[in-house]
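Okay, here's what each chain looks like letter by letter:
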Amino acid sequence: MFSIPDLGEILFYSIVFLVVLSSCWVVMSPNLVHSAVSLLFTLFGVAGLYVFLYADFMAASQVIIYVGGILVLIIFGVMLTNKIDDPKLSNPSQNQLIAGVFCLLLLVFQFQIIFNTNWNLGELIIRESTVNQIGMMLLSKYLLPFEVVSVLLLAALIGAAMLSRKKVD
(Lines give C-alpha, C1' and ligand atoms only; values in the text may rest on other atoms or scores of the structure.)
Protein backbone atom coordinates (compact mmCIF):
# COMPACT_ATOMS: atom_id res chain seq x y z
CA MET A 1 0.00 0.00 0.00
CA PHE A 2 1.95 3.03 1.24
CA SER A 3 5.53 2.57 2.36
CA ILE A 4 7.59 5.08 4.24
CA PRO A 5 10.66 6.05 2.22
CA ASP A 6 13.99 5.49 3.87
CA LEU A 7 16.48 8.26 4.60
CA GLY A 8 18.43 7.58 1.38
CA GLU A 9 15.37 8.11 -0.79
CA ILE A 10 14.43 11.29 1.04
CA LEU A 11 17.97 12.62 0.60
CA PHE A 12 18.04 11.63 -3.08
CA TYR A 13 14.72 13.30 -3.88
CA SER A 14 15.67 16.42 -1.95
CA ILE A 15 18.92 16.69 -3.94
CA VAL A 16 16.99 16.18 -7.19
CA PHE A 17 14.51 18.87 -6.11
CA LEU A 18 17.43 21.22 -5.28
CA VAL A 19 19.08 20.62 -8.67
CA VAL A 20 15.87 21.12 -10.67
CA LEU A 21 14.77 24.20 -8.73
CA SER A 22 18.17 25.90 -8.72
CA SER A 23 18.85 25.13 -12.38
CA CYS A 24 15.50 26.65 -13.33
CA TRP A 25 16.41 29.73 -11.30
CA VAL A 26 19.77 29.94 -13.11
CA VAL A 27 17.93 30.27 -16.41
CA MET A 28 15.02 32.46 -15.31
CA SER A 29 16.68 34.90 -12.89
CA PRO A 30 16.99 38.44 -14.23
CA ASN A 31 19.97 39.14 -11.94
CA LEU A 32 23.32 37.66 -13.01
CA VAL A 33 24.64 37.38 -9.46
CA HIS A 34 21.52 35.46 -8.38
CA SER A 35 22.00 33.17 -11.38
CA ALA A 36 25.61 32.52 -10.38
CA VAL A 37 24.62 31.69 -6.79
CA SER A 38 21.89 29.38 -8.10
CA LEU A 39 24.50 27.73 -10.31
CA LEU A 40 26.51 27.08 -7.15
CA PHE A 41 23.60 25.12 -5.67
CA THR A 42 23.05 23.29 -8.96
CA LEU A 43 26.67 22.19 -9.20
CA PHE A 44 26.75 21.05 -5.56
CA GLY A 45 23.55 19.09 -6.17
CA VAL A 46 25.04 17.38 -9.21
CA ALA A 47 28.05 16.44 -7.07
CA GLY A 48 25.61 14.94 -4.57
CA LEU A 49 24.01 12.90 -7.36
CA TYR A 50 27.47 11.62 -8.32
CA VAL A 51 27.85 10.39 -4.74
CA PHE A 52 24.63 8.40 -5.12
CA LEU A 53 26.11 6.82 -8.27
CA TYR A 54 29.23 5.74 -6.32
CA ALA A 55 31.30 8.06 -8.52
CA ASP A 56 33.23 9.68 -5.70
CA PHE A 57 36.06 10.87 -7.95
CA MET A 58 33.56 12.60 -10.24
CA ALA A 59 31.85 14.20 -7.22
CA ALA A 60 35.16 15.55 -5.92
CA SER A 61 36.13 16.74 -9.41
CA GLN A 62 32.74 18.45 -9.76
CA VAL A 63 33.26 20.39 -6.56
CA ILE A 64 36.92 21.26 -7.19
CA ILE A 65 36.73 22.13 -10.89
CA TYR A 66 33.25 23.53 -11.41
CA VAL A 67 32.37 24.98 -8.03
CA GLY A 68 35.90 25.98 -7.11
CA GLY A 69 37.15 27.17 -10.47
CA ILE A 70 34.52 27.80 -13.10
CA LEU A 71 31.93 29.36 -10.80
CA VAL A 72 34.50 31.71 -9.25
CA LEU A 73 35.55 32.68 -12.78
CA ILE A 74 31.91 33.37 -13.74
CA ILE A 75 31.32 35.50 -10.63
CA PHE A 76 34.60 37.34 -11.28
CA GLY A 77 33.49 38.04 -14.86
CA VAL A 78 30.08 39.27 -13.70
CA MET A 79 31.70 41.58 -11.17
CA LEU A 80 34.03 42.97 -13.86
CA THR A 81 31.19 43.60 -16.30
CA ASN A 82 29.41 45.69 -13.68
CA LYS A 83 32.34 48.15 -13.83
CA ILE A 84 31.84 48.88 -17.53
CA ASP A 85 30.47 52.37 -18.23
CA ASP A 86 27.19 52.41 -20.13
CA PRO A 87 26.87 48.69 -20.96
CA LYS A 88 24.57 47.68 -23.79
CA LEU A 89 23.06 44.42 -22.54
CA SER A 90 19.90 44.49 -24.65
CA ASN A 91 20.40 41.80 -27.23
CA PRO A 92 17.21 40.51 -28.83
CA SER A 93 16.99 36.74 -28.79
CA GLN A 94 16.78 35.11 -32.16
CA ASN A 95 15.91 31.57 -33.18
CA GLN A 96 13.90 30.88 -30.02
CA LEU A 97 11.48 28.65 -31.93
CA ILE A 98 14.28 26.53 -33.39
CA ALA A 99 15.96 26.25 -29.97
CA GLY A 100 12.65 25.31 -28.33
CA VAL A 101 11.96 22.58 -30.89
CA PHE A 102 15.51 21.25 -30.52
CA CYS A 103 15.20 21.17 -26.71
CA LEU A 104 11.84 19.43 -26.93
CA LEU A 105 13.29 16.78 -29.26
CA LEU A 106 16.22 16.31 -26.91
CA LEU A 107 13.82 15.89 -23.98
CA VAL A 108 11.80 13.27 -25.88
CA PHE A 109 15.04 11.46 -26.76
CA GLN A 110 16.14 11.45 -23.10
CA PHE A 111 12.75 10.18 -21.93
CA GLN A 112 12.94 7.44 -24.57
CA ILE A 113 16.27 6.29 -23.18
CA ILE A 114 15.19 6.60 -19.53
CA PHE A 115 11.98 4.59 -19.94
CA ASN A 116 13.51 1.90 -22.19
CA THR A 117 16.55 1.20 -19.98
CA ASN A 118 16.48 -1.88 -17.77
CA TRP A 119 17.34 -0.32 -14.41
CA ASN A 120 18.53 -2.54 -11.56
CA LEU A 121 16.08 -1.47 -8.89
CA GLY A 122 16.08 -2.84 -5.38
CA GLU A 123 19.59 -4.27 -5.53
CA LEU A 124 22.09 -2.76 -3.12
CA ILE A 125 25.52 -3.01 -4.64
CA ILE A 126 28.43 -1.85 -2.50
CA ARG A 127 31.36 -0.87 -4.65
CA GLU A 128 34.80 0.18 -3.60
CA SER A 129 36.18 3.63 -4.30
CA THR A 130 37.33 4.45 -7.81
CA VAL A 131 39.83 7.08 -6.70
CA ASN A 132 42.65 4.57 -6.21
CA GLN A 133 42.16 3.04 -9.66
CA ILE A 134 41.98 6.43 -11.40
CA GLY A 135 45.05 7.67 -9.52
CA MET A 136 47.08 4.61 -10.47
CA MET A 137 46.04 4.95 -14.13
CA LEU A 138 46.93 8.68 -14.17
CA LEU A 139 50.37 7.97 -12.74
CA SER A 140 51.19 4.93 -14.87
CA LYS A 141 49.36 4.31 -18.16
CA TYR A 142 48.18 7.88 -18.83
CA LEU A 143 51.10 9.84 -17.34
CA LEU A 144 52.25 11.45 -20.58
CA PRO A 145 48.80 12.74 -21.67
CA PHE A 146 48.19 13.95 -18.11
CA GLU A 147 51.45 15.94 -18.16
CA VAL A 148 50.77 17.33 -21.66
CA VAL A 149 47.33 18.57 -20.55
CA SER A 150 48.81 20.13 -17.41
CA VAL A 151 51.45 22.01 -19.44
CA LEU A 152 48.74 23.15 -21.90
CA LEU A 153 46.59 24.45 -19.04
CA LEU A 154 49.60 26.22 -17.54
CA ALA A 155 50.29 27.90 -20.89
CA ALA A 156 46.63 28.99 -21.12
CA LEU A 157 46.83 30.40 -17.58
CA ILE A 158 49.99 32.36 -18.39
CA GLY A 159 48.42 33.63 -21.63
CA ALA A 160 45.28 34.75 -19.79
CA ALA A 161 47.41 36.56 -17.21
CA MET A 162 49.38 38.32 -19.95
CA LEU A 163 46.22 39.37 -21.80
CA SER A 164 44.59 40.76 -18.65
CA ARG A 165 47.55 43.01 -17.74
CA LYS A 166 47.38 46.71 -18.49
CA LYS A 167 49.72 47.82 -21.22
CA VAL A 168 52.37 50.27 -20.08
CA ASP A 169 53.36 52.76 -22.79
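Residues numbered from 1 in each chain as written. Predicted model: local features only at pLDDT ≥ 70, side-chain atom pairs only at ≥ 80, totals over all residues. Heavy atoms only, no water.

**Overview of the layout of surface pockets**
Approximately 160 Å³ is the volume attributed to the second largest pocket. Looking at the lining of the second largest pocket, its residues break down into four nonpolar, one polar and no charged. (1 Å grid on protein atoms, 1.4 Å probe; cavity = no way out; pocket = protein on both sides within 12 Å on 5 of 7 lines; lining within 4 Å. Points joined across faces, edges and corners; volume = space filled by probe spheres on them. Nonpolar A, V, L, I, M, F, W, Y, C, P; charged D, E, K, R; others polar.)

**Notes on a nonpolar patch on the surface**
A cluster of nonpolar side chains, namely Leu104, Leu107, Val108, Phe111, Ile114, Phe115 and Trp119, defines an oily patch on the protein surface of about 750 Å² accessible area. Among the secondary structure elements, Val108 is positioned in helix H4 (residues 96-116). (Patch = residues over 30% accessible without salt bridge, like charges linked within 9 Å, V, L, I, M, F, W, Y side chains within 5 Å. Areas by Shrake-Rupley, 256 points an atom, 1.4 Å probe, with all protein chains shown as cover. Salt bridge = Lys/Arg side-chain N within 4 Å of Asp/Glu carboxyl O. Helix = DSSP H or I, 4+ residues; strand = E, 2+ residues; numbered from the N terminus.)

**A few points about the confidence of the model for the chain**
When pLDDT is averaged across the chain, the result is 82; 85% of the residues are at 70 or more. Of all secondary-structure elements in the chain, the lowest mean pLDDT belongs to helix H3 (residues 56-81), at 81, while helix H1 (residues 7-28) reaches the highest, 91. (pLDDT = per-residue confidence, 0-100.)

**Here's the deal with the packing of H1 against helix H2 (residues 32-52)**
Two elements in contact, H1 and H2, have axes whose closest approach is 8 Å; the angle formed by their N-to-C orientations is 150 degrees. In terms of axis orientation, H1 runs roughly antiparallel to H2. As H1 packs across H2, the resulting crossing turns out to be left-handed. On H2, the residues that touch Gly8, Leu11, Phe12, Ile15, Val16, Leu18, Val19, Ser22, Ser23, Trp25 and Val26 of H1 are His34, Ser35, Ser38, Leu39, Phe41, Thr42, Gly45, Val46, Gly48, Leu49 and Phe52. Tallied by class, residues from the contact of H1 with H2 come to 13 nonpolar, nine polar and no charged. (Axes fitted to C-alpha atoms, helices over the stretch in contact; angles between N-to-C directions. Parallel < 35°, antiparallel > 145°, perpendicular 65-115°, else oblique. Left-handed = near helix turned anticlockwise from the far one by under 90°. Contact = heavy atoms within 4.5 Å.)

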